[in-house]
Amino acid sequence: MGYTPGTAPEPVTILTTEVSEELMPLGDVRAEYRVFNRVSLCPDDKTIEVEGVVFAVKPIIFRQIKDAEEVALFICTAGPELGERSRRSMKEGDLLRGYVYDIIGSEVVENAADRMQEELKRATSETGKTITNRFSPGYCGWDVAEQHKLFSFFRDNFCGITLTESALMNPVKSVSGIIGIGKDVRYAPYQCNLCDDKNCLYRNRKTKL
């Protein structure tokens, strides 16, 4: 929310605790991934081909995944309830509560993606491989419209996420993306200094904008 530890006003702290406890019983958080070994990486046009489907991930992401032997595609959601409660609070004029719902929803889905990524890391380590960081359409120059291609690999869609024509996800608190897998790849923090997206969820929070 922009506060450093211990500096949030008491009303904000109390409301955040209240909302967090209210949301604890919800069980809508879901994640899934699929691993593919039929991949082709083209350094000339910075694309990754997965079973005949070409993703134009652009230079920043390609540099992180270029040595991958396999890739994992993933989708993850915090479920619809968080977004619905946020919108309802906003509509009723309780902007702060709506904002807290929204922030918590973002944290929930990112933590779920973290746990999914850790499970993938554990599974790949058993074969002597490691993974890269995760990257999503809409970030680092990767066109968000390619989300339609990514979702074509999840016909059953355990997470229950749908896409609008403009490739936005519903529930809104959802993430999708790609992770490189191989013996020669490495996990690296997001390269915020190389990206001009000022609104990126993953941007280093210490950066002064």
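Residues numbered from 1 in each chain as written. Predicted model: local features only at pLDDT ≥ 70, side-chain atom pairs only at ≥ 80, totals over all residues. Heavy atoms only, no water.

Asks: Residue-level account of the overall build of the chain, with values.
Replies: The secondary structure content of the chain amounts to 5 helices and 9 strands. Sequence-ordered secondary structure for the chain, helices as α and strands as β, is α-β-β-β-β-α-β-α-α-β-α-β-β-β. Computed over C-alpha atoms, the radius of gyration of the chain comes to 18 Å, within 12% of the 17 Å expected from 2.2 N^0.38 for 209 residues, which places it in the range of a compact globule. Viewed in the frame of its principal axes, the chain has a C-alpha envelope of about 50 × 40 × 35 Å. Every one of the 209 residues in the chain was classed for burial, and the buried ones make up 42%. Within the chain, residue pairs in contact and separated by at least 24 positions form 71% of the contacts whose partners lie at least 6 positions apart. Here the chain carries 27 positive and 31 negative side-chain charges, and the mean point of each set is 4 Å from the other. (Helix = DSSP H or I, 4+ residues; strand = E, 2+ residues; numbered from the N terminus. Rg over C-alpha atoms; globule rule 2.2 N^0.38 Å. Buried < 20%, exposed > 50% of the residue type's maximum accessible area, 1.4 Å probe, protein only. Contact = heavy atoms within 4.5 Å. Lys, Arg positive; Asp, Glu negative; His and termini not counted. Charge placed at Lys NZ, Arg CZ, Asp CG, Glu CD.)

Asks: Explain the environment of Ser-136 residue by residue, including any values.
Replies: Topologically, Ser-136 is positioned in the loop between strand S6 (130-135) and helix H5 (147-151). Between the C-alpha atom of Ser-136 and that of Ile-179, which follows or precedes it by 43 residues, the distance is 9.2 Å. Of the polar contacts made by the side chain of Ser-136, one reaches the backbone oxygen of Ser-176; its length is 2.5 Å. (Polar contact = N/O pair within 3.5 Å; in protein donor to acceptor, adjacent residues only side chain to side chain.)

Asks: Break down helix H2 (residues 58-65) for me, citing the residues and quoting the values.
Replies: Among the residues of H2, Ile-60, Ile-61, Phe-62, Gln-64 and Ile-65 are the ones counted as buried. Elements in contact with the buried residues of H2: strand S2 (39-42), strand S3 (47-50), strand S5 (70-77), S6 and strand S9 (174-182).

Asks: Any chance you could break down unusual backbone geometry for me, citing the residues and the numbers?
Replies: Note the cis peptide between Asn-170 and Pro-171, where omega equals 5°. Here Pro-171 lies in the loop between strand S8 (169-170) and S9. For Asn-157, which is not glycine, the phi dihedral falls at a positive 50°. Positionally, Asn-157 belongs in the loop between H5 and strand S7 (162-163).

Asks: So what's going on with the confidence of the model for the chain? Which residues, and what values?
Replies: Confidence in the prediction of the chain, expressed as mean pLDDT, is 88, and 91% of residues score 70 or more. The low-confidence segment residues 204-209 (pLDDT under 50) makes 4 contacts with residues lying over four places distant or belonging to another chain. (pLDDT = per-residue confidence, 0-100.)

Asks: Kindly report on the pattern of salt bridges, identifying the contributing residues and their values.
Replies: Tallied over the full model, the rule gives 14 salt bridges. Across the salt bridge formed by Arg-97 and Asp-94, the nearest N and O atoms sit 3.6 Å from each other. Given the relative accessible area of 16%, Arg-97 is considered buried. Put simply, Glu-146 and Lys-149 hold a salt bridge, and the shortest N to O gap is 3.1 Å. (Salt bridge = Lys/Arg side-chain N within 4 Å of Asp/Glu carboxyl O.)

Asks: Can you explain the sheet that holds S2? Please cite residues and give values.
Replies: The strand order across the open sheet built from 3 strands is S2-S3-S4, with neighbouring strands paired in antiparallel fashion. At either end of the open sheet lies a strand with only one pairing partner, and these are S2 and strand S4 (53-56). Averaged over neighbouring strand pairs, the angle between their axes works out to 20° when direction is ignored. Pairing of S2 with S3 involves 4 bridges; the strand directions are antiparallel. Bridge pairing in S3 links Cys-42 to Thr-47. (Pairing = 2+ DSSP bridges. Axes fitted to C-alpha atoms, helices over the stretch in contact; angles between N-to-C directions.)

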